[in-house]
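# Secondary and tertiary structure notes
This is what each chain is made of:
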Amino acid sequence: MTAQNQPFARTDEQYWERTWIHSDLPLPVDLNDHSLRNHATLTLHAFFEQAMAPISGRGGSLIELGCAHSKWLPYFARRFGLQVTGLDYVECGCETSRDMLHAAGVSGAIVHGDVFNPPHDLIGRFDVVYSAGLVEHFESTASAISACAAFAKPGGLIVTIVPNLTGLIGLLQRVLDRQVYDKHIVLGPDQLRVAHEAAGLTVMDCRYLLSANFAVMNHPAIRPMVLNKAIRGMLIAATLAVWLLEYVVTIPPSRLLSPYIACVARYRSTASAPAGDLKSE
């Protein structure tokens with residue numbers, strides 16, 4: 001990233017290289033798997049079906065910004081008939097994304113580049129701009145979203161997902177690994193909505209997503225490794241217990257338990273530049 005183009009980042013390329021090198025590749029999206037362990041994927045699928053409704057059946061193009069280790073590009077291509085592109089500034093992340101597209105038999109372009117200084121031919125090109133776990137790593141949320149929106153065609157959709165650190169997951173993340181927590185700006189739905197509006201976008205939906213998922217937390221600093229794995233197992237077990245309970249009672253998404261906040265916005269053809277830097281606390 002170039003300092004003159006990016007808002008202050010809480011992470012750097014070396015951080016993500018260390019993260020991705022030691023991470024297992026996610027399993028492909030399988031909409032036929034209705035087991036409890038696939039509950040989060042099916043919930044996100046339902047969200048994407050609703051978010052993509054304005055372009056349903058029309059085809060078009062989608063770019064995922066910060067695409068390293070994402071399982072969703074093949075899904076977007078197959079489910080919605082979209083031409084897919086991924087962009088990431090970590091080369092090892094680009095390599096794994098290419099491998100996942102190839103394994104899925106899906107054609108698409110993976111570009112090694114910077115969201116804040118992208119290749120010119122990607123600007124204003126896409127019907128959908130998708131990011132997950134990206135904009136919350138920058139002090140100026142509106143500036144980060146504005147940089148994402150620059151990839152959209154007039155009238156294009158901006159779909160943004162960030163972790164919900166305002167509730168129990170944020171508290172546990174602080175306790176388990178404060179360094180990871182400090183890499184994030186804590187955003188709620190109101191702050192995320194305002195940041196999109198400050199970036200000149202029209203917000204269509206902004207809300208908590210999924211009942212719970214404690215396994216989204218990262219805690220690489222915990223040692224010994226046997227303790228790390230034991231904590232991971234407890235987080236997964238607690239998540240499965242909540243999902244199992246959903247078969248009996250309704251557990252709506254909430255500030256307390258939801259792992260994600262999702263925003264769907266539209267890029268206006270006359271969108272203005274962000275009104276200064278918006279810092280979300």
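Remember, it's a predicted structure, so these values are computed and weren't measured experimentally.

Cut-offs used in this document
Residues numbered from 1 in each chain as written. Predicted model: local features only at pLDDT ≥ 70, side-chain atom pairs only at ≥ 80, totals over all residues. Heavy atoms only, no water. Helix = DSSP H or I, 4+ residues; strand = E, 2+ residues; numbered from the N terminus. Buried < 20%, exposed > 50% of the residue type's maximum accessible area, 1.4 Å probe, protein only. Polar contact = N/O pair within 3.5 Å; in protein donor to acceptor, adjacent residues only side chain to side chain. Contact = heavy atoms within 4.5 Å. Core = buried A, V, L, I, M, F, W, Y, C linked by side-chain atoms within 4.5 Å. Axes fitted to C-alpha atoms, helices over the stretch in contact; angles between N-to-C directions. Parallel < 35°, antiparallel > 145°, perpendicular 65-115°, else oblique. Left-handed = near helix turned anticlockwise from the far one by under 90°. Nonpolar A, V, L, I, M, F, W, Y, C, P; charged D, E, K, R; others polar. Pairing = 2+ DSSP bridges. pLDDT = per-residue confidence, 0-100. Arc of directions from axis to C-beta. Patch = residues over 30% accessible without salt bridge, like charges linked within 9 Å, V, L, I, M, F, W, Y side chains within 5 Å. Areas by Shrake-Rupley, 256 points an atom, 1.4 Å probe, with all protein chains shown as cover. Salt bridge = Lys/Arg side-chain N within 4 Å of Asp/Glu carboxyl O. Phe/Tyr/Trp six-rings, centres within 6.5 Å; stacked < 30°, edge-to-face > 60°.

## Observations concerning the side chain of serine 61
Secondary-structure assignment places serine 61 in strand E1 (residues 61-65). Serine 61 gets classed as buried once you look at its relative accessible area, which sits at 8%. A polar atom in the side chain of serine 61 sits 3.4 Å from the backbone oxygen of arginine 125. With sequence-adjacent residues up to four places away left out, serine 61 is seen in contact with Leu82, Gln83, Arg125, Phe126, Asp127, Val128 and Lys153.

## Quick look at helix H8 (residues 189-198)
If you check which residues of H8 are buried, you get Pro189, Leu192, Ala195, His196 and Ala198. In the core, the buried residues of H8 are packed alongside helix H5 (141-149), strand E5 (152-163), strand E6 (201-209) and strand E7 (260-267). Immediately downstream of H8, the backbone of glycine 200 shows phi near 85°, a positive value.

## Here's the deal with the nonpolar core
Most often, soluble globular proteins keep nonpolar side chains buried together rather than apart. Phe47, Phe48, Leu62, Phe76, Val84, Tyr130 and Ile161 are the most contacted members of the largest nonpolar core, which has 34 residues in total. Breaking this core down by element, the ones donating at least two residues are helix H2 (39-51), helix H3 (72-80), helix H4 (91-104), strand E4 (126-132), E5, helix H9 (225-245) and E7. It is H3 that provides the largest number of residues to this core, a total of 6 residues. Beyond its immediate sequence surroundings of up to four residues, valine 84 is in contact with Leu62, Leu73, Phe76, Ala77, Leu101, Val106, Ser107, Gly108 and Ala109. In terms of nonpolar packing, the next biggest core, distinct from the first, is built from 33 residues, Ile63, Leu122, Val129 and Cys263 among them.

## So, the packing of H5 against H8
Following both chains from N to C, one finds H5 and H8 inclined at 55°, their axes separated by 8 Å at the closest point. Between H5 and H8, the angle falls in the class oblique. Every pair of crossing elements has a handedness; the one defined by H5 and H8 is right-handed. In this structure, H5 contributes Thr141, Ala142 and Ile145 to the contact, and H8 contributes Leu192, Ala195, His196 and Ala198. Of the residues in the contact of H5 with H8, the class split is 5 nonpolar, 2 polar and no charged.

## What about the sheet that holds strand E2 (residues 83-88)?
Sheet architecture is open: 7 strands sit in the order E3-E2-E1-E4-E5-E7-E6, paired in mixed fashion. Edge positions in the sheet fall to strand E3 (108-112) and E6, since each has one partner strand and no second. Ignoring strand direction, the axes of neighbouring strands in this sheet form an average angle of 15°. Alignment of E1 against E2, held across 5 bridges, turns out to be parallel. Its bridge partner being in E2, serine 61 is matched across the sheet by glutamine 83. Taken strand by strand, H3 contacts E1, E2, E3 and E4, and its axis lies near 165° from that of E2. Running over the sheet, H8 touches E5, E6 and E7 and is turned about 160° from E6.

## Digging into the environment of serine 56
Here serine 56 is to be found in the loop between H2 and E1. Sequence separation between serine 56 and alanine 68 is 12 residues; the distance between their C-alpha atoms is 26 Å.

## So, unusual backbone geometry
The phi angle of most residues is negative, glycine excepted, and most peptide bonds adopt the trans form. The residue after arginine 223, namely proline 224, is reached through a cis peptide bond having omega 5°. With respect to the element layout, proline 224 can be found in the loop between E6 and H9. The backbone of histidine 69 sits at a positive phi, close to 60°, despite the residue not being glycine. Looking at the element boundaries, histidine 69 is found in the loop between E1 and H3. Phi is positive for leucine 210, which is not a glycine, with a value near 80°.

## A short note on the confidence of the model for the protein chain
Within the protein chain, residue pLDDT values average 92, and 93% of them lie at 70 or more. Here residues 271-281 scores under 50 on pLDDT; set against residues more than four positions off or in separate chains, the count is 27 contacts.

## Things to note about helix H1 (residues 13-21)
Along an α-helix, a turn takes 3.6 residues, which lines up residues three or four apart on a common side. Regarding H1, the residues found buried are Tyr15, Trp16 and Trp20. Along the long axis of H1, the arc covered by the buried residues comes to 120°, so they all point the same way. H1 presents Arg18 and Ile21 as exposed residues on the side facing more than 90 degrees away from its buried surface. Tucked inside the fold, the buried residues of H1 contact H4 and helix H7 (178-181).

## What to know about a nonpolar patch on the surface
On the surface, Leu244, Leu245, Tyr247, Val248 and Val249 cluster together into a nonpolar patch covering about 530 Å² of accessible area. Since its relative accessible area comes to 59%, tyrosine 247 is described here as exposed.

## A word on the packing of aromatic side chains
The final tally for this structure, using the stated rule, is 14 aromatic pairs. On the numbers, 5.0 Å between centres and 75° between planes, the contact of phenylalanine 48 with phenylalanine 76 is edge-to-face. You can see phenylalanine 48 sitting in helix H2 and its partner phenylalanine 76 sitting in helix H3, a full 28 residues away along the chain. A relative accessible area of 0% means that phenylalanine 48 is categorised as buried. By relative accessible area, which is 0% here, phenylalanine 76 ends up buried. Aromatic rings pair up to connect Phe47, Phe48, Trp72, Tyr75, Phe76, Phe80 and Tyr130 into one cluster.

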